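Architecture at a glance
Spelled out from the first residue to the last, the chains are:
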Amino acid sequence: MGTVQRAFGKKGKLQESYIVRKVSYMNTGEIILFVFVLILALAAFIISILQFKQKGILFNNAYLYASKKERETMNKKPHYRQSAITFLFIGIVFSLLAIEIVFTTKWLFFLVMLTIISMIIYAIVSSIDIERKNK
């Protein structure tokens, strides 16, 4: 069966895809939540890209809490990288949550939790590694 025939069915009428049927069963609150979570995911991915390019504000505690004198001499590259990877994790978490809102699968929640735990472990290990290299 060809792709066109699968999309239009045997009688030539356009069939609704599974995603369209699933979204049509969502109530208004779920749709608003879905869009809001997708916007958060998009924002996190944009911040991640900017951090990878070392552009914009450096969202890192080591930099934010440093004095102005320390900021001038600080090697910002590892802090930008750490922030970029962390925001990438955050974007993945919000994307998975958006998918969970649409499909309401229970197993996806565990994938979200695994991603969050991985992000926390990465943040701790990379902070220790950055401090170790600075000394």
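Right, let's walk through the structure included here. (Residues numbered from 1 in each chain as written. Predicted model: local features only at pLDDT ≥ 70, side-chain atom pairs only at ≥ 80, totals over all residues. Heavy atoms only, no water.)

What to know about the nonpolar core
Note on soluble globular proteins: their nonpolar side chains tend to be buried together. Among the nonpolar cores identified, the biggest contains 5 residues, and these are Met26, Val37, Ala98, Ile101 and Val102. Per-element accounting of this core gives the leading share, 3 residues, to helix H6 (residues 77-103). (Core = buried A, V, L, I, M, F, W, Y, C linked by side-chain atoms within 4.5 Å. Buried < 20%, exposed > 50% of the residue type's maximum accessible area, 1.4 Å probe, protein only. Helix = DSSP H or I, 4+ residues; strand = E, 2+ residues; numbered from the N terminus.)

Concerning the layout of surface pockets
Here the largest pocket defines a volume of roughly 190 Å³. In terms of lining, the largest pocket is formed by Asn75, Pro78, Arg81, Gln82, Tyr122, Ser126, Asp129, Ile130, Lys133 and Asn134. Taken together, the elements giving at least two residues each to the lining of the largest pocket come down to H6 and helix H7 (107-134). Among the residues making up the lining of the largest pocket, the classes are represented as 3 nonpolar, 4 polar and 3 charged. Roughly 150 Å³ of internal volume is contained in the second largest pocket. Forming the boundary of the second largest pocket are Phe59, Asn60, Asn61, Gln82, Ser83, Thr86, Phe87, Ile90, Ala123 and Ser127. Elements supplying a minimum of two residues to the lining of the second largest pocket: H6 and H7. (1 Å grid on protein atoms, 1.4 Å probe; cavity = no way out; pocket = protein on both sides within 12 Å on 5 of 7 lines; lining within 4 Å. Points joined across faces, edges and corners; volume = space filled by probe spheres on them. Nonpolar A, V, L, I, M, F, W, Y, C, P; charged D, E, K, R; others polar.)

Some remarks on unusual backbone geometry
Non-glycine residue Gln54 carries a positive phi angle of around 60°. Looking at where Gln54 falls in the secondary structure, it is placed in the loop between helix H3 (28-52) and helix H4 (61-64). Of the residues examined, Gln54 reaches a relative accessible area of 38% and is grouped as partly exposed.

Some words on the pattern of salt bridges
Within the structure shown, the criterion is met by 1 salt bridge. With a closest N to O distance of 3.5 Å, Lys133 and Asp129 form a salt bridge. Of this pair, Lys133 and Asp129 are both found in helix H7, 4 residues apart, which corresponds to roughly one turn of the helix. On the basis of relative accessible area, Lys133 is assigned to the exposed category, the value being 64%. A residue is classified by how much of its surface remains accessible, and Asp129, at 34% relative accessible area, is partly exposed. (Salt bridge = Lys/Arg side-chain N within 4 Å of Asp/Glu carboxyl O.)

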